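Summary of the model geometry
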Amino acid sequence: MTLFGKPIAFWHTPCSALRTGMSAPEPFVNLYVRVTNGCNAGCRFCCNENADKAQGFNLDKFGKVLEEVAASDIRLNRVTLTGGEPSTRPQTVKSIVGLIEKNLRFHFTQVQLHTNGLTAAAKALTALPRIDAVSLSLHHYDAAVLSEIYGSAVPETLLDFPARMKSKINLSCNLIKGYIDTPAEAEKLLGHVASKGFTSVGFAGLMKLNKYAAERYVNPWTMDFDSIRTLVRTEEKSHEGACRCRNFIYTGAECPVGVYIRETIDTGYCASSLLFDGEYLRQGFNSNNIVY
């Protein structure tokens, strides 16, 4: 199958567990949309650290991308709004969401927002009905330490969301040497977020895209999460040698918390992943793979 006359790579197999006889998934794509390269934080591990912060967003071209996907036999599984920090361009986010809402073909497409939650706009965007899921970065349980990681002041009220909104928020923690780097520290973070009423947390290793990230990398797969007695492992999966994850339930609070541990093995893997970077549609996240 093609988009704009270019062949698109798809998943050949579903995520594997202890399963056999599973058929290949129907052709689908997850579309990542880089709303902006700009960010109000200064995380030293971020791949966006040296990006052009002034880059604009071609909304008309993005609309044509949606039209092309809608006219194809390719299912748009998820649209992820990322950056930079998308909430620094709230009107652009709303315009993107509006274009998705207009096309009935995307009625069942999940729209996800990635944010650090530091702006007032982040909370307002989280409340949008068409934002189905939010991945909110939380790399430490202490606001002062998190401020050090971000290079920007983090308010104590960062996690103050209405109860009705917490169900669509996943808290995403990068494991960083010197911060959250042991099972004991991970358990403290789990206890903190559970006390705030959140029910989904993920842990991942840094992408080794710069010196800081390489030096501070903690492998999530070898960190002994099973030693946390309040964690019950439920499933382990992998996908075509590109990534793998373990799922747990945290039982150390009144309400259980779903927990996943994810390791990216092949950063160049791009099947079923598209990126619109504000100007070009790409297959995956490399610079030499322009589709449109």
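Right, let's walk through the structure included here.

Our next topic: the pairing of strand 10 (residues 243–250). Bridge count for strand 9 (residues 231–239) against strand 10 is 8 bridges, and the pairing is antiparallel. The residue bridging Lys237 from the neighbouring strand is Cys245, located in strand 10. The turn linking strand 9 back onto strand 10 is made up of 3 residues, and Glu240 within it adopts a positive phi angle of 45°. Sheet topology note: the strand 10/strand 11 (residues 257–264) ladder contains 8 bridges and is antiparallel. Within the sheet, the bridge partner assigned to Cys245 lies in strand 11 and is Arg262. Hairpin connection of strand 10 to strand 11: 6 residues between the antiparallel strands.

Our next topic: the environment of Met223. Of note, Met223 is situated in the loop between helix 7 (211–215) and strand 9. Taking C-alpha positions, Met223 is 24 Å from Gly268, a pair spaced 45 residues apart along the chain. For Met223, the residues in contact, after removing those within four places along its chain, are Leu175, Asp181, Thr182, Pro183, Ala186 and Val218.

Time to look at unusual backbone geometry. In most cases, non-glycine residues show a negative phi, while peptide bonds are predominantly trans. At the junction of Gly83 and Gly84, the peptide bond is cis and its omega measures out at 15° in the coordinates. You can see Gly84 is positioned in the loop between strand 4 (75–82) and helix 2 (90–102). For Glu240, which is not glycine, the phi dihedral falls at a positive 45°. As for its position among the elements, Glu240 is in the loop between strand 9 and strand 10.

Calculation rules
- Residues numbered from 1 in each chain as written.
- Predicted model: local features only at pLDDT ≥ 70, side-chain atom pairs only at ≥ 80, totals over all residues.
- Heavy atoms only, no water.
- Pairing = 2+ DSSP bridges.
- Helix = DSSP H or I, 4+ residues; strand = E, 2+ residues; numbered from the N terminus.
- Contact = heavy atoms within 4.5 Å.

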